[in-house]
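# Inside the fold
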Amino acid sequence: MSVPVAGLPRRLALSALAGAGRFCALGSGGTRWRGVPAGHRRGLADLQPKRVPRQGFKDSDSWLPKYRSERKSYITNPNLATTLVRILKEEAKSPDQLFLECNPGPGILTQALLESKAKVIALESNRTFLPHLESLQKKMNGKLEVVYCDFFKMDPRNFGIVKPPIMISETLFRHLGIEAVPWSKDTPLRVVGIFPSKNEKKILWKLLYDLYSSTSIFSYGRVELNMFITEKEYEVSLVYKYLFQSRLSVLLSVYPEVELLDLMEPWSSFGVYRHSGGQEKVKNKNPLVQTDKQVEENMCLIQLTPLENLFTENLTSVNYDIFFHMLKQCFMKRNFRLMDHLQLLSPVNATAILKEMGKHGDMKITDLYPQDFKQLFETIEYFKESCRWLFDDCMEEMIV
């Protein structure tokens, strides 16, 4: 049963119809969850613990790794650090680059970046490594800034109290004197680090939400990410994207420029440390046998660069979440015909949408390319009807 909404502000349509029937009708603009404001950035006066309102990324903090049991990986091979810096310098558009290094640990990569004349902000979440990094900071004449912070837990949406190493990017960047630049400008800073192996996909999802909503680090411009990711996750999320068989593959194919840089390293080039600072050894050298510590596998270096034309007249940082919802519903019913999906997605005349797109209604979702999903969304947004979207009530919560 489809229920249109008339005369309500567009952001109230979802909550108004939550109990009215199976479908919720939405007007133009961005959809939010019940009672959730449009953005989560807050002006904070200092680095002291602050309370953050619950936000709608998920209803629990399960996407974050458990603090006591998590293990972090660090670059411990000086040759790898030198090679990585050379590759990053080759990709640089200007010689004077600002790098934000995630979890530098023993500082092997930090030292290599500093020797290349780069300025480095080291965000370290393990207190064990802070004394060494702070000692190095004193020798660098302002070229190195060390902060007790976990980049991968920055800007949480569901924590009541925020205190280091969890931080708000607005507070951190203000403390560091980093100012936002227009989206049309070049990359304001470059992030380099290693995705936590147990949470790669979830962190990648969060970064995509932040990118499409222009929040967190992306509220400061087109921040470039240079991250090591396990070969397995690279193949599943990034190589598999060329098959266009998932929401993640579509989002990665449409807007951000994702590139595999010329660097693939065995796991032995990295050190795995417990929170206490002790290094773990991987005893199993057979890549086909998984231990309870870590799989011996390669790590791939990827670069994710937001495109300057990320947003258009019909797809913006305000309505991006409708686009996410649309993809979710499409891939939950991937064997449906395109005509069937249009009747579930929008009260706009399906035949008119297909004519505008130049597509046949008997096509399946699996026959579409990423740009087709973008075209579908923008075509429906182009129509001027007051009610343009229908969403299943169960679609209200994002799935990560």
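Note: the structure precedes this text.
Residues numbered from 1 in each chain as written. Predicted model: local features only at pLDDT ≥ 70, side-chain atom pairs only at ≥ 80, totals over all residues. Heavy atoms only, no water.

### Some words on the sheet that holds strand S8 (residues 190-194)
Sheet strands associate in pairs through backbone hydrogen bonding, adopting either a parallel or an antiparallel arrangement. The strand order across the open sheet built from seven strands is S6-S5-S4-S8-S9-S13-S10, with neighbouring strands paired in mixed fashion. In this open sheet, the two edge strands, each paired with only one partner strand, are strand S6 (144-148) and strand S10 (257-266). Ignoring which end each strand starts from, the neighbouring axes of this sheet average 20° apart. Bridge analysis of strand S5 (residues 119-124) against S6 gives five bridges, and the strand direction is parallel. Each bridged residue has a counterpart across the sheet, and for Val120 the counterpart in S6 is Leu144. Docked against the sheet, helix H5 (residues 169-176) engages strand S4 (98-102), S5 and S6, running at close to 150° with respect to S6. (Pairing = 2+ DSSP bridges. Helix = DSSP H or I, 4+ residues; strand = E, 2+ residues; numbered from the N terminus. Axes fitted to C-alpha atoms, helices over the stretch in contact; angles between N-to-C directions. Contact = heavy atoms within 4.5 Å.)

### So, unusual backbone geometry
At the junction of Pro164 and Pro165, the peptide bond is cis and its omega measures out at 10° in the coordinates. Although it is not a glycine, Asn103 sits at a positive phi angle of roughly 50°. Following the sequence through the fold, Asn103 ends up in the loop between S4 and helix H3 (108-115). Positive phi values are uncommon outside glycine, yet Asn141 reaches one of about 55°. Considering the arrangement of structural elements, one finds Asn141 in the loop between helix H4 (130-138) and S6.

### Let's talk about the pattern of salt bridges
Evaluation of the coordinates by the stated rule reveals 10 salt bridges. Two residues, Lys72 and Asp150, come together in a salt bridge whose shortest N-O distance is 4.0 Å. Placement of the pair is Lys72 in strand S3 (residues 72-75) and Asp150 in the loop between S6 and strand S7 (161-162), with a sequence separation of 78 residues. The salt bridge involving Arg86 is made with Glu90; its shortest N-O contact spans 3.2 Å. Residue Arg86 and its partner Glu90 are both found in helix H2 (residues 78-91); the two are separated by four residues, about one turn of the helix. Residue classification places Glu90 among the exposed positions, given a relative accessible area of 55%. Look at the salt bridges and you will find they share partners, linking Arg337, Asp340 and Asp362 into a network. (Salt bridge = Lys/Arg side-chain N within 4 Å of Asp/Glu carboxyl O. Buried < 20%, exposed > 50% of the residue type's maximum accessible area, 1.4 Å probe, protein only.)

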